Amino acid sequence: MSMLRMDHVGLIVEDLEAAISFFETLGLQVEGRAEVGGEWAERVTALPGMRTRIAMLAAPDGSGRIEVGAFDSPAAVGRDRPRDEPHALGYRSLMFEVDDVDANVERLAAHGATLIGEAATYEDSYRMCYLRGPEGILVALAESVRS
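Residues numbered from 1 in each chain as written. Predicted model: local features only at pLDDT ≥ 70, side-chain atom pairs only at ≥ 80, totals over all residues. Heavy atoms only, no water.

1. A look at the sheet that holds strand E5 (residues 94-97)
Formally: Pairs of strands are assigned from DSSP output, requiring at least two bridges between the strands. Helix and strand assignments follow DSSP, with helices taken as H or I runs no shorter than four residues and strands as E runs no shorter than two, numbered in order from the N terminus. Fitting a line to C-alpha atoms yields each axis, with helices limited to the stretch in contact; the angle taken between N-to-C directions then spans 0 to 180 degrees.
Ordered by their spatial adjacency, four strands build an open sheet running E5-E8-E7-E6, and the pairing between neighbours is mixed. Where the open sheet ends on each side, the last strands, each with one partner, are E5 and strand E6 (114-122). The average angle at which neighbouring strand axes cross in this sheet is 20°, direction not considered. The sheet contact formed by E5 and strand E8 (residues 138-144) spans four bridges and is parallel.

2. Concerning helix H3 (residues 101-109)
Put simply, the rule reads: We call a residue buried when its accessible area falls under 20% of the maximum for its residue type, exposed when it is over 50%, and partly exposed in between, using a 1.4 Å probe and counting protein chains only. As used here, the arc belongs to the directions running from the helix axis to the C-beta atoms. The contact rule is simple, with two residues in contact once any of their heavy atoms fall within 4.5 Å. Residues adjacent in sequence count toward polar contacts only when both atoms are side-chain atoms; beyond that, a polar contact is any pair of N or O atoms within 3.5 Å, and within protein one must be able to donate a hydrogen and the other to accept it.
Here H3 has its buried residues at Val 101, Asn 104, Val 105 and Leu 108. Projected down its long axis, H3 shows its buried positions confined to an angular sector of 105°, all on one face. Considering only its buried residues, H3 is in contact with helix H1 (16-26), E6, strand E7 (126-132) and E8. Measuring from the backbone nitrogen of Asp 102 back to the side-chain oxygen at the start of H3 gives 3.1 Å, which picks out Asp 100 as the cap.

3. Observations concerning the confidence of the model for the protein
Definition in use: pLDDT: the predictor's confidence for each residue, scored from 0 to 100.
On average, the protein scores 86 in pLDDT, and the residues at 70 or more come to 87%. The secondary structure element of the protein with the lowest average pLDDT is helix H2 (residues 39-45), at 84, and the one with the highest is H1, at 96.

4. Re the sheet that holds strand E3 (residues 51-58)
The strand order E1-E4-E3-E2 describes an open sheet built from four strands, whose pairing is mixed. Because the sheet does not close on itself, it has two edges, and the strands there are strand E1 (9-12) and strand E2 (29-37). This sheet shows a mean twist of 20° between the axes of neighbouring strands, independent of strand direction. Taken together, the eight bridges between E3 and strand E4 (residues 65-73) define a ladder with antiparallel strand orientation. Pairing of Ala 55 across the sheet is with Val 68, part of E4.

See the structure below:
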């Protein structure tokens, strides 16, 4: 038995609509939305009374998906821990290849993104930067600069 594929990365946020808007601005497309709850969800998560709203967003080329969810019940946990430190244990960042780092930074700033450090070129390969997106989600952008 072997793994067939990586399906998606899941993110939990407080403001679902802001997160969806941010990732749509980046170029992901909403595949669908759902409200999740009931006996099966409670059994899978071991959270009695579990209810969440989710959206599945896909990269335009189909290479990856992100599930963004907001818990209605029980309340999400971890609000008191640092979520936006590049060296924190656990989830690191979501990286996207883009055609123009600077233009994307500017577009995403209108959705509350803030640049961490600066955009810089790695060897002769990529121009890269890190942003803090909605609720401190770390997003990396990379633009190919190969000749």
